[in-house]
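# Understanding the architecture of this molecule
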Amino acid sequence: MINGEIRDREVRLIDENGGQLGIVENQVAQALAEDRGLDLVKIAPQANPPVCKLMDYGKYRFELSKREKEQRKNQKIVELKEVRLSALWLSEHGYFGSLRGSGGNVSVRIDADLMAITPSGVRYSEMTDEDIFVVGLDLAVIEGKQGRKPSIEAEMHSVIYRVRPEVKAVVHTHQTYGSVFSIINTSIPALFDEVALSLGTTIEVAPYAFSGTPELARNVEAKLAGGANACIIQNHGIVAVGAS
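Position numbers for residues count from 1 along each chain, tracking the sequence in the order it is written. Thresholds applied to this predicted model are a pLDDT of at least 70 for local features of residues and 80 or more for the giving and counting of side-chain atom pairs; totals over whole chains, interfaces and linings are not thresholded and use all residues. To get the side-chain values, all heavy atoms of the structure are used, and hydrogens and water are removed first.

## So, the overall build of the protein
For the record, the criterion: Each helix corresponds to a stretch of at least 4 residues labelled H or I by DSSP, and each strand to a stretch of at least 2 residues labelled E; elements are numbered beginning at the N terminus. Radius of gyration: over C-alpha atoms. The globule rule applied is 2.2 Å multiplied by the number of residues raised to the 0.38 power. Exposure classes here rest on a 1.4 Å probe applied to the protein chains alone. A residue is buried below 20% of its type maximum, exposed above 50%, and partly exposed in between.
Scanning the protein from terminus to terminus reveals six helices and 14 strands. Its C-alpha atoms give the protein a radius of gyration of 26 Å, clearly above 18 Å, the size a compact globule of 244 residues would have. Seen through its principal axes, the protein has C-alpha atoms that stretch 80 × 45 × 30 Å. For the protein, buried positions account for 38% of its 244 residues.

The structure is reproduced here in structure tokens:
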């Protein structure tokens, strides 16, 4: 609450420099704020009496918004680097197949409506943070290098984030053993309780569809929407999701 919205008879008042002015009548606090060209803002409504502070509320909101934007910018920089480094590690350890290729993809949720995802057709060994795309869950490109495109599987990633709001990261790989199970079209049962708790009681097979198609995204969605954290894509590879 601010200024005239504050109706309490008395308030504990703090001045603009943090000094304690004690308990004063609301009218006195309002008059003091007006006299100093400031706002009276209730900062602790549950206290008895409530605590109010003299401040330039417009300036406070501007500075708060500026700090929040800077924090989001810094967080996004961290997430772009996280996507690139994760993809590079997976590539170097054989999870994407050939080291010379650009198969597989990695994404991280930025917020409720945005994700950072690897580009299409760029070798992981040559990839920079600036190559990572920022894409809306509606697949609108927010940031990305001109002349390049986000991963062909961006729709699959976006579908997962939409149906699984708790998921913060998605990885699609082509590692050897997972690819074998995708070719023989065989689900993998959980052998241990730990696996069942982290991935689900069975890693099921999503039916085959062309890469990058809405049909493939729907097939994967059907296998992960219920809470499983991984599935096999028939004749294709593996998709795994997690909290980071």
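There's plenty left to go through after this.
## Brief notes about the sheet that holds strand β9 (residues 169-173)
Whenever strands of a sheet pair, they do so through backbone hydrogen bonds, lying parallel or antiparallel. Note the cut-off: Two strands pair under a simple rule: DSSP has to find at least two bridges between them. Any two residues having at least one pair of non-hydrogen atoms within 4.5 Å are treated as being in contact. Interaxial angle, 0 to 180 degrees, is taken between N-to-C directions of lines fitted to C-alpha atoms, where a helix line uses only the stretch in contact.
A sheet is described by the order of its strands in space; here eight strands give the open sequence β8-β7-β6-β5-β9-β14-β13-β12, paired in mixed fashion. The outermost strands of the open sheet, each flanked by one partner alone, are β8 (141-143) and β12 (205-206). Where β12 lies against strand β13 (residues 230-233), two bridges are found, and the strand directions are parallel. In the strand pairing of β13, Val205 is matched with Ile232. Packing against the sheet, helix α2 (residues 57-92) makes contact with β5 (105-109), β6 (114-117), β7 (133-136), β8 and β9, and its axis sits at approximately 155° to β5. Helix α4 (residues 176-183) contacts β13 and β14 (237-242) of the sheet and is inclined by roughly 60° relative to β13.

## Thoughts on the packing of aromatic side chains
Test applied: Between 30 and 60 degrees the pair is tilted, below 30 it is stacked and above 60 it is edge-to-face, where a pair is any two Phe, Tyr or Trp rings, Trp via its six-membered ring, whose centres lie within 6.5 Å.
Counted by the stated rule, this structure contains three aromatic pairs. Look at Trp89 and Tyr95: their rings are 5.8 Å apart centre to centre, the planes differ by 25°, and that puts the pair in the stacked class. Judged by its relative accessible area of 30%, Tyr95 is partly exposed.

## Some points on the pattern of salt bridges
The cut-off we apply is this: Basic side-chain nitrogens of Lys or Arg form a salt bridge, by our definition, when they fall within 4 Å of a carboxyl oxygen of Asp or Glu.
One pass over the full model with this rule turns up nine salt bridges. Between Asp129 and Lys81 there is a salt bridge whose closest N-O contact spans 3.0 Å. Separated by 48 residues along the polypeptide, Asp129 in the loop between β6 and β7 and Lys81 in helix α2 bring together distant segments of the chain. Linking Asp131 and Arg148 is a salt bridge whose minimum nitrogen-to-oxygen distance equals 2.2 Å. Residue Asp131 is found in the loop between β6 and β7, and its partner Arg148 is found in the loop between β8 and α3 (154-163); the two are separated by 17 residues along the sequence.

## Observations concerning the sheet that holds strand β1 (residues 10-14)
The strand order across the open sheet built from four strands is β2-β1-β4-β3, with neighbouring strands paired in mixed fashion. Of all the strands in the sheet, the pair left with one neighbour each is β2 (20-25) and β3 (39-44). Ignoring which end each strand starts from, the neighbouring axes of this sheet average 35° apart. The sheet contact formed by β1 and β2 spans five bridges and is antiparallel. Residue pairing for β2: Arg12 is matched across the bridge by Ile23. This element, helix α1 (residues 26-35), spans β1, β2, β3 and β4 (51-55) of the sheet and lies at about 125° to β2.

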